[in-house]
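Secondary and tertiary structure notes
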Amino acid sequence: MLEKPRISIILLAGGLGGRMQSPLPKQFLLLDDKPIALHSFDLFASLRNCYELIVVCDPHYRDLFSPPQEIPLRFADPGLRRQDSVYHGLQFCSPDTDFVCVHDSARPLLEKEDLLRLFEAAFAHGAAVLGVPVKATIKSSDENHFVKETLNRNELWEIQTPQIAKPSLFHRGFALANQKGIDVTDDVSLVELLNHPVKIVKGSYENIKITTPEDLEIAKRFLEHAKV
Ligand code: C5P
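A brief look at the structure comes next. (Residues numbered from 1 in each chain as written. Predicted model: local features only at pLDDT ≥ 70, side-chain atom pairs only at ≥ 80, totals over all residues. Heavy atoms only, no water.)

**So, the site of the ligand**
To keep it simple, the criterion reads: Working definition: residue near molecule or strand if any one of its non-hydrogen atoms lies within 4 Å of it. Identification of polar contacts relies on pairs of N or O atoms within 3.5 Å, with a donor-acceptor requirement for protein atoms, meaning one able to donate a hydrogen and the other able to accept it, and with residues adjacent in sequence counted only if both atoms are side-chain atoms. All accessible areas in this document rest on Shrake-Rupley with a 1.4 Å probe, and a residue is counted as covered only by the protein chains that are shown. A cavity here means a set of points on a 1 Å grid, drawn over the protein atoms and nothing else, where a 1.4 Å probe fits but cannot get out; a pocket is an open set with protein on both sides within 12 Å along at least five of seven lines, and a residue lines either one if it has an atom within 4 Å of a point. For a molecule to be placed in a cavity or pocket, more than half of its atoms must lie within 2 Å of the grid points of that cavity or pocket. Here the nonpolar group is Ala, Val, Leu, Ile, Met, Phe, Trp, Tyr, Cys and Pro; Asp, Glu, Lys and Arg are the charged ones; every other residue, Gly included, is treated as polar.
In the vicinity of the ligand there are 15 residues, among which G14, G15, K26, S85 and K209 approach most closely. The contact in question runs from an oxygen atom of the ligand to an N or O atom on the backbone of S105, over 3.3 Å. Here an oxygen atom of the ligand and a backbone polar atom of A106 are 3.3 Å apart. Look at the ligand: alone it shows 460 Å² of surface, and the protein chains cover 85% of it. When atoms are counted within 2 Å of each cavity's grid points, the one that captures over half of the ligand is the largest pocket. Along the lines of polarity and charge, the residues of the shell around the ligand split into four nonpolar, six polar and five charged.

Structural data, given as structure tokens:
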């Protein structure tokens, strides 16, 4: 394995966040006096493995992001779907990068220790994702909401971001998804399309995605709790 693999970070901040009931997209609301998107941006910018940062956001918000001088920062415009935003970001990754790591900026509580364990899994397996074991009982249903099946909870994970893979896996996965018109809701689904293994790394239940005003309150509590 390479001494210090180069990791390109694609930080997704291009959503409108309709469920937040706020005119400002949720990733730019303040959490602990700092825009939500900057919490994970600053963490990525502090890593020695961070080769380059690509932020996908409306041009209006670009000025918010400023990394340390030694890390190149590029911007991509958002697409209609999340996967389009990832695709746009991928076009700005340097051809010589070793890994591409995609993160939802709406997850500000990502822990450095989880991120480093995720990187190690990607170096070993080519693709990896953070997730937590599902606590609830999950059933699938038919179109009339009758239960089809109760899924085996011991095999279920709630998948989070970051999600990381070798760039060639993302490029080949996108080629297949675009050719077949497949919608994906996360990034390693592109790798799964190729039947390439994806390692799940157990992360933290606190790495929540902020979607509604209640989520923002929960994130504030987690941060207050971490400080005491
Ligand atoms: O909408 P959702 O919460 O699933 O979005 C996850 C992340 O992807 C958010 O950080 C959002 O800003 C980003 N996103 C994007 N482009 C889109 C949709 C979502 O960058 N078209």
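**Re the nonpolar core**
So the rule is basically this: Residue types Ala, Val, Leu, Ile, Met, Phe, Trp, Tyr and Cys, when buried and joined through side-chain atoms within 4.5 Å, form a set referred to as a nonpolar core. Buried, partly exposed and exposed residues are distinguished by accessible area as a fraction of the type maximum, computed with a 1.4 Å probe on protein chains only: under 20%, between the cut-offs, and over 50%, respectively. Numbering of helices and strands runs from the N terminus; a helix is a DSSP stretch of H or I covering at least four residues, while a strand is a stretch of E covering at least two. Any pair of residues with heavy atoms lying within 4.5 Å of one another is described as a contacting pair.
In this structure, F44, F65 and I164 are the most contacted members of the largest nonpolar core, which totals 33 residues. Contributing elements (two or more residues each) for this core: β1 (7-13), α1 (36-45), β4 (50-57), β6 (99-104), α3 (112-125) and β7 (127-133). Contacts of F65, omitting those with residues within four sequence positions, involve L11, F28, A37, L38, F41, V55, C57, L73 and F75. Among the nonpolar cores identified, the runner-up in size contains 19 residues, and V56, V86, L169 and L190 belong to it.

**Describing the pairing of β4**
The cut-off we apply is this: Strands were regarded as paired on the criterion that DSSP finds at least two bridges between them.
Across the eight residues of β4, seven count as buried, placing the element largely inside the fold. For β1 and β4, the ladder comprises seven bridges, and the chain directions are parallel. Residue pairing in the sheet places L11 in a bridge with V55 of β4. Where β4 lies against strand β5 (residues 73-76), four bridges are found, and the strand directions are parallel. By the bridge assignment, I54 is partnered in β5 with R74.

**Considerations on the layout of surface pockets**
Unfilled space is identified by rolling a water-sized probe across the atoms. Test applied: Grid points are joined across faces, edges and corners, and a volume is the space filled by probe spheres set on the points.
Of the pockets and cavities examined, the largest pocket occupies roughly 720 Å³. Around the largest pocket sit 32 residues that line it, and K26, R82, D104, A106 and K209 are the ones nearest its centre. At the level of elements, β1, α2 (82-90) and β10 (157-165) are the ones that each hand at least two residues to the lining of the largest pocket. Sort the elements by how many residues they give to the lining of the largest pocket and β10 lands first, with five residues. Here the second largest pocket defines a volume of roughly 180 Å³. As for the second largest pocket, its lining consists of H39, L43, P108, L109, L110, E111, K112, E206, F222, L223 and A226. Every element with two or more residues in the lining of the second largest pocket is listed here: α1 and α6 (213-227). For the lining of the second largest pocket, the class distribution of residues is seven nonpolar, one polar and three charged.

**Remarks on the environment of Q163**
Assignment of secondary structure puts Q163 in strand β10. Sequence separation between Q163 and V188 is 25 residues; the distance between their C-alpha atoms is 6.4 Å. If we skip the residues at most four places from it in the chain, Q163 touches V100, C101, V102, A128, V129, F170, D186, D187 and V188. Within the structure, Q163 has its side chain in polar contact with the backbone nitrogen of V188 (distance 2.8 Å).

**Some remarks on the pattern of salt bridges**
This is how it is decided: Salt bridges are counted wherever a side-chain nitrogen of Lys or Arg sits within 4 Å of a carboxyl oxygen of Asp or Glu.
One pass over the full model with this rule turns up ten salt bridges. The closest approach of N and O atoms between R81 and D84, which form a salt bridge, is 2.8 Å. Here R82 ties to D187 by a salt bridge, and the two come within 2.8 Å at their closest N and O atoms. In this pair, R82 sits in helix α2 while D187 sits in the loop between α4 (167-180) and α5 (188-192), placing the two residues 105 residues apart along the sequence. R82 sits in the partly exposed class, given a relative accessible area of 26%. Salt bridges here are not isolated pairs; linked through shared partners, they connect R81, D84 and D183.

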